[in-house]
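Each chain, letter by letter, is given below.
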Amino acid sequence: MSTAVTRVLTGITTSGTPHLGNYAGAIRPAVEASAQPGVDAFFFLADFHALIKCADPAVVARSRMEIAATWLAAGLDTDRVTFYRQSDVPEIPELCWMLTCVTPKGLMNRAHAYKASVDANEARGTEPDDGVTMGLFSYPVLMAADILMFNAHRVPVGRDQIQHLEMARDIAQRFNHLYGRGHDVFVLPEVQIDEAVATLPGLDGRKMSKSYHNTIPLFEGGQKALKAAVAQIVTDSRLPGEPKDAEGSHLYTLYRAFSTQAQARTFKAELEAGLGWGEAKSALCDCIEAQIGPMRSHYADLMAHPDRIEEILQVGAQKARHLAVPFMERLREAVGLRQPAARTASKKVEKSARARLASFRDETGAFRQRLFSADGHELLLSEPFADPKQLNQLSRAVARMDLTMLKPDEQGRVSLAVDGQRWAYCSVESLSQVQQALAQI
Ligand code: TRP
């Protein structure tokens, strides 16, 4: 077994309604990637970010629901991934402040989003910073906090976010240098740009984007809205019977993003043989509907039960905070806001005052671990493993907090998994004690 878990994290700003382009370009590939072995995925609703773009509370509230329901309906397995709302994790804005204090202002002056606003003001002849809030100006720092809080290795984003990832690395490096005392506090995140992922054309053939008003709705408005939008896709004026240039038509590009390769080949041949655009549009609708139709009822059901969405987000927030709370304690110590817990005591006391893992062979000859609290109580017994090497790998992963906590089962037990493999169980009641102990190892 390998413990090379890759933590993949991405945020979705809750200021819009997901459209077909978001689905094919971000949601579908993210859901697929999160099901891969060795991936520990973190997806979150970036609602603090939404406040930068949108001052309408109703829009922010509605968008949060729509985005959460979309990801869930698209098949996100919330037992496996950590799916949470940014504002449920107060450690993120706390970290944001710590990072703000090490971020050079000059770095933020160079941010594209900020510079674009300044340029627009200059073109209009208004004050350079007209309409620029501190939220917009320092938004890359908040994004860095989102990423560094969970020590994400990889961050899948669109091209427009590459600069923000570079800034997150810069900020992490500065913090590591100032406070790391030889150990890196933060992992340096890598940007992940997926070239293979479909960028869908919109109704007019330009990239599908809310700002171009050329989107095709995903779930909202049902099949009717999908049909109405597809009817508006711009095509050339060739009549039924005239051969069409399939490769050059965005209708075909859209079709391919939802069909199998074989279906795409047939469709292309039909277009080249003179299929009318009207029939082609109806085939496109059927093809999209075959994939998203079954998800739509799940979406509608979730939208009708906001309490269910809320419940799922709360479980996610708990999982996220299991990592964020102890990490933030260490960060407060690192910057001098708190006294380092163990370092104040003498070496001997420190040793006995920390939680520890003990490995042993059980009566069947299998290798296991026990987790003891700082005061020596046994907190949990691991699953048996055949190979002692597995235990070493597990211990290292546990010490790095590379653990996934799964939702409680019927018996009220939470399972702790490393790289998709169950390491141990603990009861919900003892979870916080276990967590505390793990944070000390
Ligand atoms: N800024 C990102 C966007 O507009 C959303 C986002 C916020 C994000 N925090 C993040 C993406 C952290 C990746 C990681 O698309």
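Small disclaimer: the values here were computed from a predicted structure and weren't measured.

Engineer: Outline the site of the ligand, listing residues and values.
Structural biologist: Lining the immediate environment of the ligand, one finds 14 residues, of which Gly11, Tyr139, Met143, Asp146 and Gln161 sit closest. The separation between a nitrogen atom of the ligand and a polar side-chain atom of Asp146 is 2.8 Å. Here a nitrogen atom of the ligand sits 3.1 Å away from a polar atom, N or O, in the side chain of Gln161. Protein burial of the ligand: of its 360 Å² of free accessible surface, 88% is covered by the chains. When contributions to the shell around the ligand are tallied by element, the ones reaching two or more residues are strand E1 (6-13), strand E2 (39-46) and helix H8 (139-148). Among the residues making up the shell around the ligand, the classes are represented as 8 nonpolar, 5 polar and 1 charged.

Engineer: Which residues make up helix H14 (residues 306-335), and what values go with them?
Structural biologist: Of all the bends in H14, the greatest measures close to 35° and is centred on Arg321. Of the residues one or two after H14, Gly336 is the one with positive phi, at around 95°.

Engineer: An account of the confidence of the model for the chain is needed here, citing residue identities and associated values.
Structural biologist: Of the residues in the chain, 96% reach a pLDDT of 70 or more, and the chain-wide mean stands at 91. Low pLDDT (under 50) marks residues 345-351, which in the prediction has 3 contacts with non-local residues, meaning those over four places away or in another chain.

Engineer: So what's going on with the domain arrangement of the chain? Residues and values would help.
Structural biologist: Here the chain is partitioned into domain 1 (6-103 + 138-196 + 305-331), domain 2 (219-302) and domain 3 (344-440). Between domain 2 and domain 3, the C-alpha centre-to-centre distance is 52 Å.

Engineer: How would you explain the sheet that holds strand E7 (residues 367-372) if you had to name every residue and give the values?
Structural biologist: Read from one edge of the open sheet, 3 strands run E6-E7-E8, paired in antiparallel fashion. Looking along the sheet, the strands with just one partner apiece sit at the ends: strand E6 (356-361) and strand E8 (378-381). Averaged over all pairs of adjacent strands, the angle between their axes in this sheet comes to 25°, without regard to strand direction. As defined by bridge partners, E6 adjoins E7 across 6 bridges and the pair is classed as antiparallel. Paired with Arg361 across the two strands is Phe367, which belongs to E7. Helix H16 (residues 388-399) rests against E6 and E7 of the sheet, and its axis sits at about 30° to E7. This element, helix H17 (residues 431-440), spans E7 and E8 of the sheet and lies at about 90° to E8.

Engineer: Explain the side chain of Glu91 to me, and be specific about the residues and the numbers.
Structural biologist: As for its placement among the helices and strands, Glu91 is situated in helix H4 (residues 91-100). A residue is classified by how much of its surface remains accessible, and Glu91, at 6% relative accessible area, is buried. For Glu91, the contacting residues outside a window of four places in its chain are Met149, Arg321, Ala324, Val325 and Met328.

Engineer: Explain the packing of helix H1 (residues 20-34) against helix H13 (residues 277-303) residue by residue, including any values.
Structural biologist: Two numbers describe a pair of packed helices, the interaxial angle and the distance between the axes. In contact at an axis separation of 13 Å, H1 and H13 are set at 75° when each is read in the N-to-C sense. By the angle between their axes, H1 is roughly perpendicular relative to H13. Of H13, the residues touching H1 (which contributes Leu20, Tyr23 and Arg28) are Ile288, Gln291, Ile292 and Met295. Of the residues contributing to the contact of H1 with H13, the split by class is 5 nonpolar, 1 polar and 1 charged.

Here is what the cut-offs are and how they apply
- Residues numbered from 1 in each chain as written.
- Predicted model: local features only at pLDDT ≥ 70, side-chain atom pairs only at ≥ 80, totals over all residues.
- Heavy atoms only, no water.
- Near = heavy atom within 4 Å.
- Polar contact = N/O pair within 3.5 Å; in protein donor to acceptor, adjacent residues only side chain to side chain.
- Areas by Shrake-Rupley, 256 points an atom, 1.4 Å probe, with all protein chains shown as cover.
- Helix = DSSP H or I, 4+ residues; strand = E, 2+ residues; numbered from the N terminus.
- Nonpolar A, V, L, I, M, F, W, Y, C, P; charged D, E, K, R; others polar.
- Bend = angle between axes of the 7 residues up to and from the residue.
- pLDDT = per-residue confidence, 0-100.
- Contact = heavy atoms within 4.5 Å.
- Domains from an automatic or database assignment.
- Pairing = 2+ DSSP bridges.
- Axes fitted to C-alpha atoms, helices over the stretch in contact; angles between N-to-C directions.
- Buried < 20%, exposed > 50% of the residue type's maximum accessible area, 1.4 Å probe, protein only.
- Parallel < 35°, antiparallel > 145°, perpendicular 65-115°, else oblique.

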